[in-house]
Amino acid sequence: MDVVKKIYQYAEPNLTLVGWMGLVGFPVYYYIWAFLFPQPYENIWLRLFCSCLFAGIAFRNSLPKLMQRYMPCYYLLSISFCLPFFFAYMLLMNDWSTVWAMSFMASIFLHILLVHETKVMLLQALLSVLAAYLVTYWVRDESLTDWILWPYVPIFLFTYVFGNLFYFRNQSSHESKVSIAKSFGAGIAHEMRNPLSALKSSVDVLRTILPAQSTDQRLGAHIDGQDLSLLYEILKNADDVIHSGNETIDLLLTSIDENRVSTSTFKKQRAELVVSHALKSFSYKRSLDRQAVSLSVEADFDFFGSDTLLKFALYNLLKNAFYYQNGEQFAIDVTLTRDAQHNMIKVRDNGVGIAPDRLEEIFKDFYTFGKNGSYGLGLPFCRKVMKSFGGNISCESVLGEWTEFILSFPAYHSEVVGHIKLDLMKTKTVLYVGDDGLLSRHLSEQSFYQGFRLHLLTLAEALQREEYELEYDLILIDLEQVNGQWQSMVELETKLHATEAKIAYLYDKQNRYPINIERHLKVFPLEIRQLLMDTNQQLDHLFFEAEPLLPDHNVVPLKKTRCERRILVVDDNQSLRTFTALLLEKQGYEVIQANDGQQALDEMEHNTFDLVLMDIEMPVIDGLAATKAIRESDKPYRHVPIVGHTGDNSPLTIEKIQQSGMNDYIVKPADKDKLLGKLANWI
């Protein structure tokens, strides 16, 4: 199916033209070969059937969404029937006439162009010609081997073989160049992102060292308030530079493949936010340039696309406007507005203007005018970007007075955006973690109609998967199906830290769940009834709407627990133990300390604990032996959660930790957030 989809996507830009040619051409040529230049055999019904097949291709975008899902297969079957089969059949029925020999030759070239995958095309040709031979034999009821014109056969074979070799060589050369370009671009991206990542880490470290801007000077902050504000402003600017650098890298990788625009990152965007950020982050050469740009919002709107790509388009328009500015009173006005049909961003300047005969030329590849060091690819790529959004870009100008670029967007809920989303849905993968039931069957039905690929796993099966095997676009975890296995949920959360999938917890608002969602895991709560009643909108929201920075975990109804928490910290390193105790006490925990495993056992005999943070290497009784003693006892504390605290994370040590009965472990030295997050998982 991947090969079939690739063939269809390759041919898609020309399919409307091909569909109309077949729709009109088959009946027209019946009139030509039946009346103008009569041939021995014609079949109007066969031609009308082929015409109907091409009509499906011509009007493919008007078909119901369910039928559009099968268009790649429909396309291949239609081409097989209407080209090699039809022309081979007509050639045989017309006794190898010159007209039909030339027609069959033309169909070979057209077939090669429409099905670029050599193996698929040759298989189509072989099976279709064989089917045409069998149908002709059945219709004529006589042997055809005696009157086959064998001299034509090597000509046809040569055309197929040489045409494919020639086309395959060009295709291989092109793909090789694209592959080299992608590899080169990926290498540049890697080399650029490494120092950006190092810079980002340095900025984060510096931010943790600096006191908060609201810190009282009397509490030990010896930095002047104005200097502190300046430092934070510098850090913010550094973050913006790093973000812009990563955006530039993304644009480089996006535009390598023949300037084709990928829609894989498209989401619902707010126009004013994207435009205002673009105007703020643009690299102005002078401070006066920034003052020359103004933003007016007559009507804000949502659009479906990439904020990075739209920023790139705006950067390009601003750069061109400043290059062609005219005089000191130069100004650029950016306006967000709408009319009855479209949402629009208008970028108007009072520069040198563009001559009327050049208004369409500026959107053609490699066209430049009076601009040194330019390749003429900026505006053509801007048009490709806007076309990928389902919109367009146009230009109006008066030479010597003004120029206005109009970026038009379809409404977010328009049919055009619906088609883009439908195509994207076919690339999405969804994992449902839960048992077979009403919800899983409902999702399977939605998968059939909307085109996304659904995978079903029980909680136990999900725990058996490696982290890299949990890479999906969306992971739905049904809390109603956990069935008391809340410890397994904690284990699953640890596996989900590395995934880039959007994670949604499905819950019933009538129930309560003894779960503490890991604070560093971005989880989107979703009520089950809401998903069942409005599946399309909920999936659209999860797939295509920009996610909040911090989802509201409190939506999931939790079981009430007592507020006081007591933790036993067991470690033979006094300074580390004291520091850990102080950290936990600041978070509101009651902390009792123990120097070794024996003291820990003694403390547990006299106190009730909610959790034990246990070092591994200790004198008298080490952490593993102490844990084993706790688990083998008949006292109530045998079920208390125990988190190992170790500096050795080798596979052998981790295996010993698991075998001893510890619930979890954390590696020294752990930062504050990681330590608190790990403990919060258990209490």
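Rules behind the numbers
- Residues numbered from 1 in each chain as written.
- Predicted model: local features only at pLDDT ≥ 70, side-chain atom pairs only at ≥ 80, totals over all residues.
- Heavy atoms only, no water.
- Pairing = 2+ DSSP bridges.
- Helix = DSSP H or I, 4+ residues; strand = E, 2+ residues; numbered from the N terminus.
- Axes fitted to C-alpha atoms, helices over the stretch in contact; angles between N-to-C directions.
- Contact = heavy atoms within 4.5 Å.
- Left-handed = near helix turned anticlockwise from the far one by under 90°.
- Nonpolar A, V, L, I, M, F, W, Y, C, P; charged D, E, K, R; others polar.
- Expected span 1.5 Å × (residues − 1).
- Buried < 20%, exposed > 50% of the residue type's maximum accessible area, 1.4 Å probe, protein only.
- Polar contact = N/O pair within 3.5 Å; in protein donor to acceptor, adjacent residues only side chain to side chain.
- 1 Å grid on protein atoms, 1.4 Å probe; cavity = no way out; pocket = protein on both sides within 12 Å on 5 of 7 lines; lining within 4 Å.
- Points joined across faces, edges and corners; volume = space filled by probe spheres on them.
- Phe/Tyr/Trp six-rings, centres within 6.5 Å; stacked < 30°, edge-to-face > 60°.
- Lys NZ or Arg CZ within 6 Å of the ring centre and 35° of its normal.
- Right-handed = clockwise from strand over helix to strand, strands pointing away.
- Patch = residues over 30% accessible without salt bridge, like charges linked within 9 Å, V, L, I, M, F, W, Y side chains within 5 Å.
- Areas by Shrake-Rupley, 256 points an atom, 1.4 Å probe, with all protein chains shown as cover.
- Salt bridge = Lys/Arg side-chain N within 4 Å of Asp/Glu carboxyl O.

- Per an unreviewed UniProt entry, the protein chain is named histidine kinase, and its organism is Vibrio ostreae.

1. Points about the sheet that holds strand E10 (residues 474-478)
In any sheet, the strands associate via hydrogen bonds between backbone groups, in a parallel or an antiparallel arrangement.
Stage number 1. The sheet built from 5 strands is open, its strands ordered E9-E8-E10-E11-E12 with parallel pairing. Here the strands that pair on one side only, and so sit at the sheet edges, are strand E9 (453-457) and strand E12 (523-527). Neighbour-to-neighbour, the strand axes of this sheet turn through a mean angle of 25°, independent of strand direction.
Stage number 2. Direction of pairing for strand E8 (residues 429-433) relative to E9: parallel, over a ladder of 5 bridges. Among the inter-strand pairings, Tyr 432 is bridged to a residue of E9, identified as Leu 456.
Stage number 3. In this fold helix H15 (residues 438-450) packs onto E8, E9, E10 and strand E11 (502-507), with an angle of close to 160° to the strand it touches most, E9.

2. Regarding the packing of helix H12 (residues 307-323) against helix H13 (residues 378-388)
Stage number 1. Where H12 meets H13, the axes come as close as 10 Å, and the angle between the chain directions of the two elements is 145°. Judged by the twist between their axes, the crossing of H12 over H13 is left-handed. Within the contact between the two elements, H12 uses Leu 309, Phe 312, Ala 313, Asn 316, Leu 317 and Asn 320 and H13 uses Gly 378, Leu 379, Phe 381, Cys 382 and Val 385.
Stage number 2. The residue inventory of the contact of H12 with H13, partitioned by class, reads 8 nonpolar, 3 polar and no charged.

3. Describing the sheet that holds strand E5 (residues 343-349)
Stage number 1. Strand order in the open sheet formed by 5 strands is E2-E4-E5-E7-E6, with mixed pairing between adjacent strands. Since the sheet does not close on itself, it has two edges, and those belong to strand E2 (293-297) and strand E6 (392-398), each with one partner. Within this sheet the neighbouring strands show an average axis-to-axis angle of 15°, counted without direction.
Stage number 2. Running at roughly 20° to E5, H12 makes contact with E2, strand E4 (332-338), E5, E6 and strand E7 (402-409) of the sheet.

4. A word on helix H3 (residues 44-58)
Stage number 1. With 15 residues, H3 ought to run about 21 Å at 1.5 Å a step, and its terminal C-alpha atoms sit 20 Å apart, in line with that.
Stage number 2. Within the span of H3, buried status applies to Leu 46, Arg 47, Cys 50, Ser 51, Leu 53, Phe 54, Ala 55, Gly 56, Ile 57 and Ala 58.
Stage number 3. Two or three places before Trp 45, at the opening of H3, Asn 43 has a side-chain oxygen 3.1 Å from that residue's backbone nitrogen.

5. Topic: empty space enclosed by the protein
Stage number 1. One pass over the structure, following the stated rule, counts 1 cavity of 30 Å³ or more.
Stage number 2. For the largest cavity, the calculated volume is near 30 Å³.
Stage number 3. Partitioned by chemical class, the residues of the lining of the largest cavity number 5 nonpolar, 2 polar and 1 charged.

6. A look at the environment of Lys 628
Stage number 1. If you trace the backbone, Lys 628 turns up in helix H22 (residues 623-632).
Stage number 2. By relative accessible area, which is 48% here, Lys 628 ends up partly exposed.
Stage number 3. Separated by 29 residues in the primary sequence, Lys 628 and Ile 657 have C-alpha atoms spaced 9.9 Å apart.

7. Section: the packing of aromatic side chains
Stage number 1. Across all of its chains, the model carries 32 aromatic pairs by this definition.
Stage number 2. Pairing Phe 86 with Phe 87 gives two aromatic rings, centres 5.3 Å apart and planes at 85°, and the pair type is edge-to-face.
Stage number 3. Assessed through its relative accessible area of 0%, Phe 86 is described here as buried.
Stage number 4. Where Phe 304 meets Tyr 412, the ring centres are 6.2 Å apart and the plane angle is 65°; that geometry is what we call edge-to-face. With Phe 304 in strand E3 (residues 302-305) and Tyr 412 in the loop between E7 and helix H14 (415-425), this residue pair connects regions lying 108 residues apart in the sequence.
Stage number 5. Residue classification places Tyr 412 among the buried positions, given a relative accessible area of 7%.
Stage number 6. Each residue in the set Phe 266, Phe 301, Phe 303, Phe 304, Phe 389, Phe 409, Tyr 412, Phe 452, Phe 543 and Phe 544 is aromatic and connected to the rest through ring pairs, giving one cluster.
Stage number 7. Seen from the ring of Trp 402, Arg 348 lies directly overhead, with NZ or CZ sitting 4.0 Å from the centre.

8. Focus: the pairing of strand E13 (residues 566-570)
Stage number 1. Where burial is concerned, most of E13 is hidden: 4 out of the 5 residues are buried.
Stage number 2. When E13 meets strand E14 (residues 590-594), the two strands line up parallel, connected through 5 bridges. Each residue of the ladder has a partner; that of Leu 568, found in E14, is Ile 592.
Stage number 3. In terms of handedness, the path from E13 via helix H20 (residues 574-586) over to E14 forms a crossover that is right-handed.
Stage number 4. Both E13 and strand E15 (residues 611-615) contribute to a ladder of 4 bridges, which runs parallel. If you follow Ile 567 over to E15, its bridge partner there is Leu 611.

9. Considering a nonpolar patch on the surface
Stage number 1. Nonpolar side chains collect at one region of the surface, where Trp 20, Val 24, Val 28, Tyr 29 and Phe 59 lie side by side and expose about 460 Å² of accessible area between them.
Stage number 2. Inspection of the secondary structure puts Phe 59 in the loop between H3 and helix H4 (65-68).
Stage number 3. Note on Phe 59: relative accessible area 40%, which makes it partly exposed.

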